[in-house]
Amino acid sequence: MVNHIFKMGIALAFWSIQISQAQFNRIEDVNCVHCDAPLVQFNGSLYFVTNTTATIKLFKSDGSFNGKILVKEIPRYGAGVNGITLKVINNVLCIEDTYLLYAGGGSPHYALWVSDGTTAGTVEVYDFGVNGPKYGVSGSNVYYVNGGVNLKLHNTNTQLLNAGGISNFVSDGTGNVYFAAGGSVYKSNGTAAGTTVHINSINFLPLYLQANKLYLGFDPSSGFYYTDVNTTNSYTNVANTRLGEILFKDNSNNYVYYLNGYNDPPTPSGDGIRLYRTDGTTAGTIKLQDVLGASSIGKIGSKYFYTVGQGNDIYQTDGTVAGTTLFYSGNFRAATQAGTTTYLWKYNANNQSFNLWQTDGTTAGTQVVVGGNHRSFVGTDFLSNSISTVWYNGTLYFYSGISGGESGLYKYVGCPAPPPAPANFVVKSETVCNNNQNPLYTVSSVLEATSYTWSYSGSATIHNPTTAGASNNLYFTSTSTAGTLSVRAVNGCGTSTPLTLPIVVKSLPVQPYYAPSNPTQACAGKSIVLTANTDPNVDSYNYSYVSGTGATFGSNTNPVTVSFAANATSGVVYATPVNSCGTGLTKARSITIIGPPQPNMASYPASTTINSGEYISLYYNDNGGCLNYAGITWSSGQTGSNIYVGPTTTTTYTFTCTNSCGNLVTSVPITVTVIGGCPPTLIVNSSTTSPAKAGDHITTSGTINYTSGSRLYQAGKAITITPPTGGNGFWQTEKGTVFEARIEGCQ
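Residues numbered from 1 in each chain as written. Predicted model: local features only at pLDDT ≥ 70, side-chain atom pairs only at ≥ 80, totals over all residues. Heavy atoms only, no water.

Right, let's talk about the nonpolar core for a bit. Within soluble globular proteins, side chains that are nonpolar tend to cluster in buried spots. In terms of nonpolar packing, the biggest core is built from 20 residues, with Phe425, Tyr441, Tyr452, Trp454, Leu485 and Ile503 touching the most fellow members. Beyond its immediate chain neighbours, meaning those up to four positions away, phenylalanine 425 contacts Tyr441, Thr442, Val443, Trp454, Leu485, Val487, Leu499, Thr500 and Leu501. Listed in part, the 18 residues of the second largest apolar core include Leu530, Tyr541, Ala551 and Ile591. (Core = buried A, V, L, I, M, F, W, Y, C linked by side-chain atoms within 4.5 Å. Buried < 20%, exposed > 50% of the residue type's maximum accessible area, 1.4 Å probe, protein only. Contact = heavy atoms within 4.5 Å.)

Below you can see the structure in the form of structure tokens.
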């Protein structure tokens, strides 16, 4: 499929279309506005025309690539555009130019040019104006009607006749013509003296000449007539039919097959057209078929073939009613014969395309030339779907004249080679999301291809792998994988090398994961680095800090550096992964902000007084940022957040503190005051601090129970142990405990 459309006019493209078992090769590329003139053979060359509003270009070609030669550029006289007819009449190439006087419309204007295939021999015969083209050709003579009444010979500019109503020229091919004029039938040999009345006072138009019989037009009441060309004023009536278009001339049986549309009862459709066969007699004139119109295909074997009606079905006839039957249904047209094979084009109105068919006159031998498709993209004017087919020098050529789209001259040359690979991907997506995407891939069209084969090495679904055109969809789901897309051009000669495109398939990114080794604390005024698990699908991250203040992110990558201001507060880092397919789930990471230890860190109690020999607990209360208790060292050499001291004299204690942020600060001092002397009497119990001291006397209260070790009790005079039966106190200890009694004074 090729569609060359230019800004002005139509691309008359002579290009190639590869088909199965066949190839149509491009011959030329030219422009035209109204490419409706047929392709003709003349003097051993192919001729065609192109046109614009200003000129007609007559070309001839030897059928080879770049074999086109411009014969002549013919000026046009009208601003508007209508049509051109190219035909060969008795070995004279005739160019009928029909155009409008004005671009906006107006009456059709007619001109005639003839050509012998040379520039000098391509000349204008006459500008008929609005009167219509009235001319005839016989031998080398070209007759034309000047001014509607003067018959002249173009070659010598000789006036042959002055009469009204000159029309309908029929040639015998030897230089003589028959025509109607002034109510009579005339004959002319190209001289004034030889232009004479052949049948006087009969207003019948000559239509066809065959085997010395000149068939004349119709009389509504009496049918048509024929006359012998060698006998004047003699004619024979063939009753009850109208002689219209001649389809076939059967010289062997002296038959003429023709259409008529008069003096018959109308068909159910209201049309009176019929197909007749005649031998020139009333008895030998029979109706073969009711038709709505017919076009000749030609004689194949012993039968004549033709297309009928608007549907263009193929019919055959052997000249009898019983032998006139439907041969093949379909919209066929533009036939040409090549030996025992006849080529036809079958039109598909749905997509405005033609398929090449061939027939040998048998049903089995009537078939499409596989893949032989000529696709035409057109506007509203399809020029009656015109296609002209010619067999020239043993090769089939066809000319497609289409307004608003594709037209050109093509050559059927068989099957030389597979098509080339497509040049590139026009529409492509190299990275695809696997969330139910169906991107369209399009390759450049290959002129020689009839179809394309698509494949994908990864996991995805191809819409149409083998019968798709130059575009195709791939469907990617959540399970699709990366791969390589390949497309090959195909025709009946084989398959091209592939055009490939690597495709990356992406999924939505997964939720990040932070290992326990990632920090959960941060120092105010410093930075931390957070590292999540690696995900190749992630293009970037969106970071945010909520429920806290003072955090900034150094990038949108992984790892990420988070910097905290000196006044930052604790909060939560949120990380959301992002790629071209969308966003993944967000991950939260709580961060505790640690400040430096404060200079006013204090211990508890703030100050205390103890008796000599007593002990007291000193401890650090976490109100100053020293969270790492192992980093507390007291002036006594002890470490930890809680220590016991029992100074014998008043002592001042301090500690130094480090936390995870690396600071070192000395605390507020604590003074422990020791009071000297002892109380006169001391009652001890199990909770009495050891050693217990008294100036005079120690006695017991309750049970003093020691399971191991010893305790020191100091008394100035005595220690009294009251047994349970006589009091409420006693010592209880394990076997082997040694009691030592000493009397010491209280210092």
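Before going further, it helps to spend a moment on empty space enclosed by the protein. For the coordinates displayed, the defined rule picks out one cavity of 30 Å³ or more. Grouping the amino acids of the lining of the largest cavity by side-chain chemistry returns two nonpolar, four polar and one charged. (1 Å grid on protein atoms, 1.4 Å probe; cavity = no way out; pocket = protein on both sides within 12 Å on 5 of 7 lines; lining within 4 Å. Points joined across faces, edges and corners; volume = space filled by probe spheres on them. Nonpolar A, V, L, I, M, F, W, Y, C, P; charged D, E, K, R; others polar.)

This paragraph deals with the sheet that holds strand S44 (residues 461-462). On the basis of which strands lie adjacent, the open sheet formed by four strands has the order S40-S42-S45-S44 and antiparallel pairing. For this open sheet the edge positions go to strand S40 (425-427) and S44, each flanked by a neighbour on one side alone. The pairing of strand S42 (residues 440-443) with strand S45 (residues 471-475) spans three bridges and is classified as antiparallel. Among the inter-strand pairings, threonine 442 is bridged to a residue of S45, identified as serine 471. (Pairing = 2+ DSSP bridges. Helix = DSSP H or I, 4+ residues; strand = E, 2+ residues; numbered from the N terminus.)

Okay, the sheet that holds strand S19 (residues 184-188) next. Spatial ordering of the open sheet is given by S17-S18-S19-S20, a layout of four strands whose pairing is antiparallel. A single partner strand is all that each edge strand has here, and the edge strands are strand S17 (167-171) and strand S20 (196-199). Mean inter-strand twist for the sheet, computed between neighbouring axes without regard to direction, equals 35°. Where strand S18 (residues 177-181) lies against S19, five bridges are found, and the strand directions are antiparallel. For valine 177, the partnering residue across the bridge sits in S19 and is serine 188. (Axes fitted to C-alpha atoms, helices over the stretch in contact; angles between N-to-C directions.)

Here we take up unusual backbone geometry. The amide bond that connects asparagine 558 to the next residue, proline 559, takes the cis arrangement and shows omega of 0°. Examined against the element boundaries, proline 559 turns out to sit in the loop between strand S52 (551-553) and strand S53 (560-564). Located in the positive-phi region is asparagine 43, a residue other than glycine, with phi close to 50°. By the secondary structure assignment, asparagine 43 is in the loop between strand S5 (40-42) and strand S6 (45-51). Even without being glycine, asparagine 91 reaches a positive phi, approximately 65°. Within the element layout of this structure, asparagine 91 appears in the loop between strand S9 (83-89) and strand S10 (92-102).

Turning next to the pairing of strand S56 (residues 587-594). In this sheet, S56 lies alongside strand S49 (residues 521-523) in parallel orientation, the contact comprising three bridges. If you follow glutamine 521 over to S56, its bridge partner there is threonine 592. Judged from the five bridges that link them, strand S54 (residues 571-579) and S56 form a sheet pairing that is antiparallel. Residue pairing in the sheet places alanine 575 in a bridge with lysine 587 of S56.

So, on to the environment of phenylalanine 169. Position of phenylalanine 169 relative to the elements: it lies in strand S17. Each C-alpha atom of the pair phenylalanine 169 and tyrosine 186 lies 9.6 Å from the other, and the pair is 17 residues apart in sequence. Not counting the four nearest positions on each side in its chain, phenylalanine 169 is found in contact with Lys134, Tyr135, Gly136, Tyr143, Val145, Leu151, Val177, Tyr178 and Phe179.

Considering all chains together, one arrives at four salt bridges under this definition. For lysine 87, the salt bridge identified is with glutamate 96, shortest N-O distance 3.5 Å. By relative accessible area, which is 13% here, glutamate 96 ends up buried. Linked through salt bridges whose partners overlap, the residues forming this network are Arg274, Lys287 and Asp290. (Salt bridge = Lys/Arg side-chain N within 4 Å of Asp/Glu carboxyl O.)

Inspection of the secondary structure assignment puts alanine 322 in the loop between strand S31 (313-317) and strand S32 (325-328). Along the sequence, alanine 322 and leucine 288 sit 34 residues apart, while their C-alpha atoms lie 8.4 Å from each other.

Within the element layout of this structure, threonine 307 appears in strand S30 (residues 303-308). Among all residues touching threonine 307, those that are not within four sequence positions of it are Gly293, Ala294, Ser295, Ile297, Asn312, Asp313, Ile314 and Phe332.

In this section: the packing of aromatic side chains. Taken as a whole and assessed by the stated rule, the structure comprises 26 aromatic pairs. Arranged with centres 5.4 Å apart and planes meeting at 35°, the rings of phenylalanine 169 and phenylalanine 179 form a pair that is tilted. Linking phenylalanine 169 in strand S17 with phenylalanine 179 in strand S18, this pair joins segments that are ten residues apart in sequence. Like phenylalanine 169, the residue phenylalanine 179 is buried in the burial classification. Ring centres of phenylalanine 179 and tyrosine 186 lie 5.5 Å apart, and the angle between their planes is 10°; this geometry places the pair in the stacked category. The burial state of phenylalanine 179 is the same as that of tyrosine 186; both residues are buried. One aromatic cluster in this structure is built from Phe248, Tyr257, Tyr304, Tyr306 and Tyr315. Looking at lysine 213, its charged tip hangs above the ring of tyrosine 226, at a distance of 4.6 Å from the centre. (Phe/Tyr/Trp six-rings, centres within 6.5 Å; stacked < 30°, edge-to-face > 60°. Lys NZ or Arg CZ within 6 Å of the ring centre and 35° of its normal.)

On strand S61 (residues 642-645), burial follows the alternation: Ile643 and Val645 on one face are buried, whereas Asn642 and Tyr644 on the facing-out side are not. Looking at chain direction, strand S59 (residues 616-620) and S61 are connected through four bridges and run antiparallel. Bridge assignment links leucine 618 to a residue of S61, and that residue is isoleucine 643.

So, on to the environment of phenylalanine 204. Along the chain, phenylalanine 204 falls in the loop between S20 and strand S21 (206-210). Residue phenylalanine 204 is classed as buried on the basis of its relative accessible area, which comes to 9%. For the pair phenylalanine 204 and valine 185, spaced 19 residues apart in sequence, the C-alpha separation works out to 7.3 Å.

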